[in-house]
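The primary structure of each chain is shown beneath.
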Amino acid sequence: MDDVATPHDTYFRESFSRREVALDFLRAQLPAGLLAELALDSLTIAKDSYVSRELRASFSDLVYRVRHVGGELSIYLLFEHKAVAEYWTLLQLHRYIGAEGEQYRKQHPQARTLPPVYPLVIYHGKRQWKAPASFHDIVAPLPAALEPFVPSFTYQLVDLSERTDAEIKGAVLARLVQLALRWIYSDKPTERLRELLELIEQIEDRQTAVEILESLLRYYVQGTGRLDEPEVRQLLQQTSTGDPIMQTFIDRYIDQGREQGREQGRQQGRQQGEAAVLLHLIERKFGTPSQAVRERVAAADSDTLLTWSERILTAESVEAVLH
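Keep in mind that this is a model prediction, so the values were computed, not measured.

**What about the overall build of the protein?**
- Of regular secondary structure, the protein possesses 12 helices and 5 strands.
- Total accessible area on the protein is roughly 17,500 Å²; 50% of this is exposed by carbon and sulfur atoms.

**Points about the pattern of salt bridges**
- In this structure the tally under the stated criterion is 7 salt bridges.
- For the salt bridge of D41 with R27, the shortest nitrogen-to-oxygen distance reads 3.2 Å. Of this pair, D41 sits in strand β1 (residues 38–46) while R27 is found in helix α2 (residues 19–29), placing the two residues 14 residues apart along the sequence.
- The partner of R105 in a salt bridge is E102, and the shortest N-O contact between them spans 2.9 Å. Taken together, the residues span about one helical turn, with R105 and E102 both in helix α4 (residues 89–107) at a distance of 3 residues.
- A residue is classified by how much of its surface remains accessible, and E102, at 40% relative accessible area, is partly exposed.
- One continuous salt-bridge network, built from bridges that share partners, spans R18, E20 and E211.

**A few points about unusual backbone geometry**
- A140 connects to P141 through a cis peptide bond whose omega is -5°.
- Secondary-structure assignment places P141 in the loop between β4 (117–123) and β5 (156–159).

**Structural notes on the nonpolar core**
- Membership of the largest hydrophobic core comes to 52 residues, with the highest contact counts inside it found for F16, Y64, L193, L196, I200 and Y220.
- In this structure L193 touches L216, L217, Y220, L227, V232 and L235, once residues within four positions along its chain are discounted.
- Counting 14 residues, the second largest nonpolar core, distinct from the first, contains A275, I282, W308 and L322.

**Focus: the packing of helix α7 (residues 206–224) against helix α8 (residues 229–239)**
- In contact at an axis separation of 10 Å, α7 and α8 are set at 140° when each is read in the N-to-C sense. The angle between the axes of α7 and α8 places the two elements in the oblique class. Helix-helix and strand crossings are classified by hand; for α7 and α8 the assignment is right-handed. Facing α7, whose interface residues are L213, L217 and V221, α8 presents E229, V232 and L236.
- Of the residues that constitute the contact of α7 with α8, the class distribution is 5 nonpolar, no polar and 1 charged.

**Notes on the pairing of β4**
- Of all 7 residues making up β4, 6 are buried, and the element is well covered by its neighbours.
- The pairing of β4 with β5 spans 4 bridges and is classified as parallel. Looking across to β5, one finds that V121 is bridged to L157.

**Observations concerning the environment of T224**
- Mapped onto the elements of the fold, T224 is located in helix α7.
- For T224, a relative accessible area of 11% gives the class buried.
- The contact partners of T224, leaving out residues within four places of it in the chain, are I184, P189 and Y219.
- There is a polar contact of 3.4 Å between the side chain of T224 and the backbone nitrogen of L227.

Reading the values: the criteria
Residues numbered from 1 in each chain as written. Predicted model: local features only at pLDDT ≥ 70, side-chain atom pairs only at ≥ 80, totals over all residues. Heavy atoms only, no water. Helix = DSSP H or I, 4+ residues; strand = E, 2+ residues; numbered from the N terminus. Areas by Shrake-Rupley, 256 points an atom, 1.4 Å probe, with all protein chains shown as cover. Salt bridge = Lys/Arg side-chain N within 4 Å of Asp/Glu carboxyl O. Buried < 20%, exposed > 50% of the residue type's maximum accessible area, 1.4 Å probe, protein only. Core = buried A, V, L, I, M, F, W, Y, C linked by side-chain atoms within 4.5 Å. Contact = heavy atoms within 4.5 Å. Axes fitted to C-alpha atoms, helices over the stretch in contact; angles between N-to-C directions. Parallel < 35°, antiparallel > 145°, perpendicular 65-115°, else oblique. Left-handed = near helix turned anticlockwise from the far one by under 90°. Nonpolar A, V, L, I, M, F, W, Y, C, P; charged D, E, K, R; others polar. Pairing = 2+ DSSP bridges. Polar contact = N/O pair within 3.5 Å; in protein donor to acceptor, adjacent residues only side chain to side chain.

Next comes the structure, spelled out in structure tokens:
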């Protein structure tokens with residue numbers, strides 16, 4: 001996670017690391033012919049998948065393993081969150097599949113075959129996905145005589161972007177996660193979040209509902225850039241149903257916000273007092289400070305005010321204090 005810093009990646013990993021979300025999503029998205037050959041109930045999230053530091057800039061590194069006739073199938077989910085579709089996705093997938101194969105070979109030194117990898121790309125960017133769909137599409141020239149010597153594979157694209165009319169499939173958990181990703185760039189974030197909160201009310205396991213709610217709120221505050229904590233708290237109060245577990249979380253969330261607000265007020269009060277003291281010292285030593293000096297002191301944080309207060313003891317001008 002240290003290499004995955006965006007709110008989108010964080011929310012994706014938190015959501016799709018839930019086995020029930022992954023199972024529901026795969027049942028709704030995998031081709032029927034493939035589903036018929038898989039024991040989905042055997043699904044596990046692979047903890048030993050190999051992704052280099054460089055590749056982590058492009059991949060969220062979630063690999064699911066499922067028992068399959070003749071071996072084990074690895075399903076790799078790539079979370080693409082860029083506003084513009086990544087043209088070189090196929091090259092990235094090719095590198096990943098090779099790295100996964102090397103890791104499997106090291107872990108199974110007696111093996112003479114590799115498990116297949118099913119690449120599935122989830123996209124929810126602002127623009128239409130136009131990346132090439134076949135590896136042969138990114139190799140040119142490609143005379144017919146050379147085609148057998150060039151890798152040939154594709155990937156399944158699940159386009160959740162709001163500009164598409166894609167059907168959001170699955171039960172409540174999987175639909176909620178997909179809709180959250182789909183609506184993150186919406187120009188009506190408050191209305192969208194209200195709809196998602198209504199879906200959360202349908203989750204039967206209330207502890208799961210609380211965990212989903214906490215992850216969702218964090219994502220929408222950080223990911224939209226247009227919702228702040230006070231707006232979210234107000235929305236929670238408006239949509240609260242009184243469920244004991246949910247209400248406990250909401251009360252804690254609101255109380256935490258109030259305490260943060262009080263602490264910010266106390267900090268602001270301290271800074272105003274420190275600024276007033278420094279301005280008084282400047283006036284005693286150098287005369288009435290200019291408006292520019294007053295504004296600069298008023299805008300400074302506590303650490304800067306402390307530094308300036310120490311400098312005034314030996315400084316010979318206001319400029320020397322504030323440099």
